[in-house]
Amino acid sequence: MDIQPVTALPDTRPEPVRHMPVTTHMGGDMARSASGATPGVTPAVARDQPGLWLQVLGPIAARHADTVLDLGHARQRAVLAVLAVEPDRLVSRSAIVDAVWNDRPPRSADNLVQTYVSRLRRVLRPACPDRSVPLLVSQDQGYRLRVTADQLDLLRFRELAARARSARSAGSLADAASCFERALEWWRGDPLADLTTLRAYPLVVALDDEWITSVIDYADVCEALGRSHHAVGRLRAAAARHPLDERLHSRLMVALAMAGHRSGAMQVYRAVRDRLDSELGIRPGPELSASYLRILRETSAPGARDVTGRQEVVPRQLPRAVPDFVGRAEHLRGLAAALGESGRPGSPLPVIVISGPAGVGKTTLALHWAHSVADRFPDGQIHVDLLGFSPSGAPATLGQVIRRLLEMLGVPAERTPATLDAQLDLYRSLLAGKRVLIVLDNARDSEQIRPLLPAAPGCLTLVTSRDSLLGLAASHGARLLPLDVFTHAEAEEFITVGMRSRHGPHEARATAEIIRLCDRLPLALAIVVARAQAHRAWPLAALADDLRGSPVRLDALDAGEATVNVRAVFSWSYRELSPAAARVFRLLGLHGGPDIGTGAVASLAGLPPHCSRPLTGELARVHMIAEHAPQRFAMHDLLRAYAADELRKQEMDAERLAAIRRVLDYYLHSARSAALAINPGRDGLELGPASAGVVPERMSERGRANDWFQEEYEVLLKAIDLAVESGLDDYAWQIPWTLVNYFDRRGRWQDWVATHQTALSAARRSGSALGQAITHENISIVYVHLGCHEDAQAHLQHAISINRRLRIPAGQARCLLDISRTFESQDRYDDALEQASTALSLYRKLGHQLGQARALNAVGWSSAHLGDARRAIACCERALEIHGKLDNRLGQAATLDSLGYAHTQIGRHADAIGCYLRALDLLGRDERTFQVACVLTNLATSYKAAGDDEATAVASQEALSILSELRHPDLGRTITRLTNAGIPAAEWPAGR
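Just so it is clear, the model here is predicted, and its values are computed rather than measured.

1. Examining the overall build of the protein
When helices and strands are counted, the protein shows 41 helices and 14 strands. Looking at the protein as a whole, 54% of its 992 residues qualify as buried. Restricting to contacts in the protein with at least 6 residues of sequence separation, those with at least 24 account for 67%. If you sum the accessible surface of the protein, you get close to 42800 Å²; carbon and sulfur atoms cover 50% of it.

2. Here's the deal with the environment of T929
Mapped onto the elements of the fold, T929 is located in the loop between α38 (909-923) and α39 (930-946). By relative accessible area, T929 is classed as buried at 3%. Here the alpha-carbon distance between T929 and Y742, two residues 187 residues apart in the chain, equals 9.2 Å. Setting aside residues no more than four positions away along its own chain, T929 makes contact with R745, I962 and L966.

3. Focus: the sheet that holds strand β4 (residues 91-92)
Taken together, the three strands give an open sheet; going across it, the order is β4-β6-β5, and neighbouring strands pair in antiparallel fashion. Among the strands making up the open sheet, the edge pair consists of β4 and β5 (136-139). Pairing analysis gives four bridges linking β5 to strand β6 (residues 142-145), with the strands arranged antiparallel. Directly across from V137, in β6, lies its bridge partner R144. This element, helix α2 (residues 74-84), spans β4, β5 and β6 of the sheet and lies at about 70° to β6.

4. A short note on the nonpolar core
Membership of the largest hydrophobic core comes to 165 residues, with the highest contact counts inside it found for I514, F570, F585, L664, Y667 and F709. The biggest single contributor to this core is helix α27 (residues 653-678), with 12 residues. What F570 contacts, discounting residues up to four positions off in sequence, is A358, L521, L554, M624, L638, L639 and Y642. With 117 residues, the next largest nonpolar core counts V113, A177, V401 and L452 among its residues.

5. Remarks on the layout of surface pockets
The computed volume of the second largest pocket comes to approximately 1200 Å³. For the second largest pocket, the lining is made up of 43 residues, of which G361, T363, T364, L523 and T563 are closest to its centre. Among the elements of the structure, α13 (362-372), β8 (381-385), β9 (437-443), α18 (488-498), α20 (522-534) and α22 (566-574) are those that each provide at least two residues to the lining of the second largest pocket. At seven residues, α20 tops the list of elements feeding residues into the lining of the second largest pocket. By residue class, the composition of the lining of the second largest pocket is 25 nonpolar, 11 polar and seven charged.

6. Some thoughts on the pairing of strand β7 (residues 351-355)
Remember that side chains alternate between the two faces of the sheet whenever the strand is regular. The element β7 is extensively covered by neighbouring structure, given that five of its five residues are classed as buried. Bridging between β7 and strand β10 (residues 460-465) involves five bridges; their strand directions are parallel. Residue pairing in the sheet places V353 in a bridge with V463 of β10. Across four bridges, β7 lies against strand β11 (residues 479-482) in parallel orientation. Bridging from a neighbouring strand, I352 pairs with R479 of β11.

7. Describing the side chain of S768
Within the fold, S768 resides in the loop between α30 (749-766) and α31 (769-786). A polar contact is formed between the side chain of S768 and the backbone nitrogen of G771, at a distance of 2.9 Å. With near-sequence residues (within four places) excluded, S768 lies in contact with W733 and A763.

8. Things to note about the sheet that holds strand β2 (residues 61-64)
With antiparallel pairing, the three strands of this open sheet are ordered in space as β1-β2-β3. Of all strands in the sheet, those bounded by a partner on one side alone are β1 (52-55) and β3 (67-68). Pairing of β2 with β3, which is carried by two bridges, proceeds in the antiparallel orientation. Bridging across to β3, H64 finds its partner in T67.

9. Quick look at the packing of helix α10 (residues 262-280) against helix α11 (residues 286-296)
In the contact formed by α10 and α11, the axes pass within 11 Å of each other and the chain directions differ by 155°. Accordingly, the angle class assigned to the pair α10 and α11 is roughly antiparallel. Crossing angle aside, the handedness with which α10 passes α11 is left-handed. The residues of α11 that touch α10, namely those facing R262, A265, M266, Y269, V272 and L276, are L288, Y292 and I295.

10. Remarks on the packing of aromatic side chains
Taken as a whole and assessed by the stated rule, the structure comprises 18 aromatic pairs. Ring centres of W708 and F709 lie 5.6 Å apart, and the angle between their planes is 70°; this geometry places the pair in the edge-to-face category. The same class applies to W708 as to F709, namely buried. Within the aromatic cluster, the residues linked to one another by ring pairs are W708, F709, Y713, Y742, F743, W749, W752 and F930.

11. What about helix α8 (residues 228-241)?
Here α8 contains 14 residues, and its C-alpha end-to-end distance of 20 Å stays within 8% of the 20 Å for a straight helix at 1.5 Å per residue. Along α8, the largest kink reaches about 30° and is centred on R234. Along α8, the residues classified as buried are S228, A231, V232, G233, R234, L235, A237, A238 and A239. Buried residues belonging to α8 abut α6 (173-184), α7 (202-225) and α9 (246-258).

12. Section: the side chain of N938
For N938, the location among the structural elements is in helix α39. For N938, a relative accessible area of 7% puts it in the buried group. Contacts of N938, omitting those with residues within four sequence positions, involve D897, Y916 and R977.

13. Comments concerning the pairing of β1
Burial along β1 is two-sided: the face carrying L52 and L54 and the face carrying W53 and Q55 are both buried. Summarising the sheet, β1 and β2 pair through four bridges and their orientation is antiparallel. Within β2, the position partnered with L52 by the bridge is H64. Turn length for the β1-β2 hairpin, with the two strands adjacent in sequence and antiparallel, is five residues, and the turn residue G58 shows positive phi of about 135°.

14. Section: unusual backbone geometry
The step from G593 to P594 runs through a cis peptide bond, and the omega angle for that step is 0°. Structurally, P594 can be placed in the loop between α23 (579-588) and β12 (596-597). One non-glycine residue, R520, lies in positive phi territory at about 60°. Position of R520 among the secondary structure elements: in the loop between α19 (508-517) and α20.

15. Some remarks on α38
With 15 residues, α38 should reach 21 Å at 1.5 Å per residue; the first-to-last C-alpha distance of 21 Å fits that figure. Burial in α38 covers these residues: A912, I913, C915, Y916, A919, L920, L922 and L923. Close packing links the buried residues of α38 with α28 (702-725), α37 (889-905) and α39.

16. Observations concerning the packing of α9 against α10
In contact at an axis separation of 7 Å, α9 and α10 are set at 165° when each is read in the N-to-C sense. As far as their axial angle goes, α10 and α9 are roughly antiparallel. Seen from above, α9 lies across α10 with left-handed handedness. Where α9 approaches α10, its residues E246, H249, L252, M253, L256 and A257 are matched on the opposing element by R262, G264, A265, V268, Y269, V272, R275 and L276. Here the contact of α9 with α10 is composed, by residue class, of nine nonpolar, two polar and three charged.

17. Quick look at the pattern of salt bridges
Under the counting rule described, the total for this entry stands at 46 salt bridges. Its salt-bridge partner being R648, residue D645 comes within 3.6 Å of it at the nearest N-O pair. In this pair, D645 and R648 both sit in helix α26 (residues 637-650), three residues apart, roughly one turn of the helix. The salt bridge involving R656 is made with D653; its shortest N-O contact spans 1.9 Å. Of this pair, R656 and D653 both sit in helix α27, separated by three residues, roughly a single helical turn.

Rules used in this analysis
- Residues numbered from 1 in each chain as written.
- Predicted model: local features only at pLDDT ≥ 70, side-chain atom pairs only at ≥ 80, totals over all residues.
- Heavy atoms only, no water.
- Helix = DSSP H or I, 4+ residues; strand = E, 2+ residues; numbered from the N terminus.
- Buried < 20%, exposed > 50% of the residue type's maximum accessible area, 1.4 Å probe, protein only.
- Contact = heavy atoms within 4.5 Å.
- Areas by Shrake-Rupley, 256 points an atom, 1.4 Å probe, with all protein chains shown as cover.
- Pairing = 2+ DSSP bridges.
- Axes fitted to C-alpha atoms, helices over the stretch in contact; angles between N-to-C directions.
- Core = buried A, V, L, I, M, F, W, Y, C linked by side-chain atoms within 4.5 Å.
- 1 Å grid on protein atoms, 1.4 Å probe; cavity = no way out; pocket = protein on both sides within 12 Å on 5 of 7 lines; lining within 4 Å.
- Points joined across faces, edges and corners; volume = space filled by probe spheres on them.
- Nonpolar A, V, L, I, M, F, W, Y, C, P; charged D, E, K, R; others polar.
- Polar contact = N/O pair within 3.5 Å; in protein donor to acceptor, adjacent residues only side chain to side chain.
- Parallel < 35°, antiparallel > 145°, perpendicular 65-115°, else oblique.
- Left-handed = near helix turned anticlockwise from the far one by under 90°.
- Phe/Tyr/Trp six-rings, centres within 6.5 Å; stacked < 30°, edge-to-face > 60°.
- Expected span 1.5 Å × (residues − 1).
- Bend = angle between axes of the 7 residues up to and from the residue.
- Salt bridge = Lys/Arg side-chain N within 4 Å of Asp/Glu carboxyl O.

Interpretation note: all reported values are geometric properties and have no functional meaning in isolation.
See below:
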């Protein structure tokens, strides 16, 4: 509403209401103030009261008819005051003590309160209408003051204020004003002004808030009646008592302006703005800014310019949205939810940040959504490119942006304030009270955004940035909406919609290949679609071949302009990095992915971990990498290609190779530590020292090692490929060695075969006879699992031959045990027993304790299958003893499994069950491994033989659940075994 000035005012500077103390003599006349109240004198109605009259809205006082009552000394008056500010409510004695003595009562405080109450009763008794019903009542360790609105000024004030608000609601503004005036007349100063001990008492503080609210409500009614000058005096008084209360100063400004005193209103604004800045370090809030804007907007005719010379405009600045927007359903729902949640009454609209890497479609999403909700912002829509990441390399300055915003809002250049602070004040003021959508596109960082955030609660700010803008979320509660590449389905839809003008359907296989080569990056896909439209005769397969055949894939993703060139848009982010972060980014181009942990990043860069973490944080903040899990980072393939290309340009071959060695050393040494933590009894692979700058993980707990392998599994497979590509063949056979136990526990037979075929070739190229022997042996183990017994035997013969040539008898003995296993898998237990016995003799000659324990277990296992349970039990118990001395938990578990089988063969099912349960404890009942599933299967068959059907069901279900979860190739074989043992299929887990 425009302010209509009042041209005639009887007093251009109304005097504020003076809050003066009440004199001991309640009579006498004093000059009335501009408020209409007589300072220092109780309103006439109080003098006419026939009975008791109490007043707390000012210094506490009491009278009976024309007689002033002596309420005693300050502490005694304070007791009455505490009861009077909670009229007709029970107040505990302890609450009175705390209020009167400010939480520092004397020991006799309770007795003193009782004494003061007794004295007050004597003072008040003559004024009681009914002498038999006291005004001051004792009840439940507390007291109640029983008074009405005809006896207490506070209740009278509240009654009149309530009448005023009811009249206002009913549209009777004149009655409302009259009731407010009568209510406010009861205020003669600070409540209980003469009792300093109660100044901070919460209920006393709350009384002042009631007064302020009523003053503001009265001012609103006066404004509606065109009588704002009537409220100026009370507003001045309230504002003087509360110099930082923006509500009061806001209403005072409007009242002065409507009374024709705009210069006075401006003086009020400047004074409170300066106080807020100097005392609190903050700017004026939305209400004060809105009042300032109202004054600036005073107009005499529609379409006229305001006092700034600003032509009233409604900006419509949103650029054109893309016509065929596809996908992003989840993000659109997130945007709608953020806007909807903030639609609650009194809740300001949010700041929403869409962040993501270059080319991911942040602006496209922002503009599409902004157009869809534009009708909810009738006062305009604004778009500004902040040039945070642009070809020029120079982000827009705050001065440039704020001048552009003021221009959009209709402020002529010659009327723009000279200082930046004044420009920002004007910008916020022009937005106050409006509903405007502001799109701040391509922000560099949070600092570029913060000064531009409007205070007006009806304005929505939508920000896009390659930076995550976490600081904006922390300081201003911004809603963060990270944006990533398309899903495969979204990418397919994007290509389908883009190709609709082509003749004939596009090829599905070529489309899938383009999506893969473009890494689902919207900008890359848009460039391919544009090229396809420009060359309609080309099949999509030709475009896919062009992408695949380019020396650097990015070369084919260029539409001839900087903003549609993938390499160029990546470069705008890259050049903003610090030199140290840029180096780490380049080196990450060497890493095959799919992700990398902070320890590997540090080793790749040759930095201490504490130095690398801030650098990965910087890269993640601008979405050059993504922290998809705590301290684990992923990089999109196109960014990896860009990083590798920059590395080739800026680093020498020697530095690139040194970085590869460091990261491979990290993975090899960490994986060896994890492998030995899982299987401490394994013959260790001796390694030389890691490269300088490498800090490998050190693991001693099996659980931690399992987690590490699971986390790094795909990375280790890629590391093997990296070693081969880099000609570092020793890593290519050593890393697979570390994975054998993980392959075995998880049933990853095909990966086992593939990595060890690579390892064998690498060991041959490097001339490592030991590597060849170890790899042949490990390949034989997986071939046994796969039932390829002849291949397993062939590899073992190669391994034995090399161990003999190298004079490694322990290696020969280990291979004999492996040969025994191949015979076991073929049910050739006589042959298996012979090989195991030979291995045992060799281990005994060598004094190899661990080897003896393993060989004894193998002898016991074959003996049990040959019907010699006594020998089996003796051998297994001896093996168990040795494993126990060596603290080899896996060896103990494997031996207990064999021992359980031997007991089963002679009908000792309880002993067998005990062995299997001990084995599970050693393996870890919570571990989901192939070995645990095997023991559970054996346990189920023993329970079945013992007649415990319930325990049978539990064990068999758990075994099959683990194998199903692992997608283990032995699942079918285990089902067959359980079926043969008479365990019904109904007891197996559903969905296996």
